[in-house]
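# Remarks on the overall topology
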Amino acid sequence: MTQDELKQAVAEAAVKYILPLLESDTIIGVGTGSTANLFIDELAKHKHDFDGTVASSEASAERLKQHGIPVYDLNSVGNIRVYVDGADESNHHLYLIKGGGAALTREKIVAACSEEFVCIADESKLVDVLGDFPLPIEVIPMARSYVARELVKLGGDPVYREGVVTDNGNCILDVYNMKILDPIKLEAQINSIVGVVTNGLFANRSADVLLLGTQQGVKTLRKA
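In what follows, the accompanying structure is described. (Residues numbered from 1 in each chain as written. Predicted model: local features only at pLDDT ≥ 70, side-chain atom pairs only at ≥ 80, totals over all residues. Heavy atoms only, no water.)

### Section: the sheet that holds strand S8 (residues 157-160)
As a general point, the strands of a sheet are linked pairwise by backbone hydrogen bonds and lie either parallel or antiparallel. The strand order across the open sheet formed by four strands is S8-S9-S7-S10, and the pairing between neighbours is antiparallel. Each edge of the sheet is formed by a strand with only one pairing partner; in this case those strands are S8 and strand S10 (196-199). Geometrically, the sheet is characterised by an average inter-axis angle of 30° between neighbouring strands, direction not taken into account. The sheet contact formed by S8 and strand S9 (residues 171-176) spans four bridges and is antiparallel. Looking across to S9, one finds that Asp157 is bridged to Tyr176. Packed on one face of the sheet, helix H5 (residues 144-153) meets strand S7 (135-139), S8, S9 and S10 and runs near 15° to S9. (Pairing = 2+ DSSP bridges. Helix = DSSP H or I, 4+ residues; strand = E, 2+ residues; numbered from the N terminus. Axes fitted to C-alpha atoms, helices over the stretch in contact; angles between N-to-C directions. Contact = heavy atoms within 4.5 Å.)

Now the structure itself:
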């Protein structure tokens, strides 16, 4: 199977996974990216089985609306039953790196507000040690150079993602050459730097379930 076929398989598996959870008042959190887009397309086939969604980006919100799926402001909903999103990397503890699509802050907010976080990814995203994928950091623009210097002190090689402005009006630094051996500790260290909005480590709030597309079918990995 190609990578696109693996992504399609996990998107379909995610819809199958959440179907038993759906009720008329259910709110679903929806992530951002190529795999999440495929999930949205599959979810549209069941749009009459739940109330609506909360989206982690303007792009996802637009795609959901195009399918006729209601999209609510997070402040107007009481409970998100399940959040479905992709990842740029996952380790076997279901700690993630996310933010390749620059939506990490809203993704992290929706994940924090959700009862269950279901990550969907193809097998190339599963690694033993996080860090081959550069770690995205959302930064207040005026603090970009200061934050970059602080990231160097932590052993990283930050690179400004030119031409990218997040939905929140901020910029992105991608940190290369970091082997992330303690994701929970590093997530807290980076978030404590003044000027950082958040970073792309999803360790404090990791995934609960990883649906992994493999050549042998979709595997279900659960948080230990």
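From this point, the discussion proceeds with the structure in view.
### Regarding the state of the cysteines
The final tally for this structure, using the stated rule, is zero disulfides. Counting only cysteine sulfurs, Cys113 is the nearest neighbor of Cys119, a cysteine outside any disulfide, at a range of 18 Å. (Disulfide = S-S within 2.5 Å.)

### Side note on the packing of aromatic side chains
Under the definition given, this model contains two aromatic pairs. Seen from their ring centres, Tyr83 and Phe117 are 5.0 Å apart, and the 40° between their planes marks the pair as tilted. Here Tyr83 is found in strand S3 (residues 80-85), whereas its partner Phe117 is found in strand S6 (residues 114-122), with 34 residues between them in sequence. Neither Tyr83 nor Phe117 differs from the other in exposure class; each is buried. By the ring-pair criterion, three or more aromatic residues cluster together here, those being Tyr83, Phe117 and Phe202. Here Lys108 stacks its cationic end above the ring of Phe202, 5.1 Å away from the centre of that ring. (Phe/Tyr/Trp six-rings, centres within 6.5 Å; stacked < 30°, edge-to-face > 60°. Buried < 20%, exposed > 50% of the residue type's maximum accessible area, 1.4 Å probe, protein only. Lys NZ or Arg CZ within 6 Å of the ring centre and 35° of its normal.)

### A closer look at the side chain of Thr35
Looking at the secondary structure, you find Thr35 in helix H2 (residues 34-43). Thr35 gets classed as buried once you look at its relative accessible area, which sits at 7%. In this structure, Thr35 is in contact with Lys7, Val10, Ala11 and Ile120, ignoring residues within four places of it in sequence.

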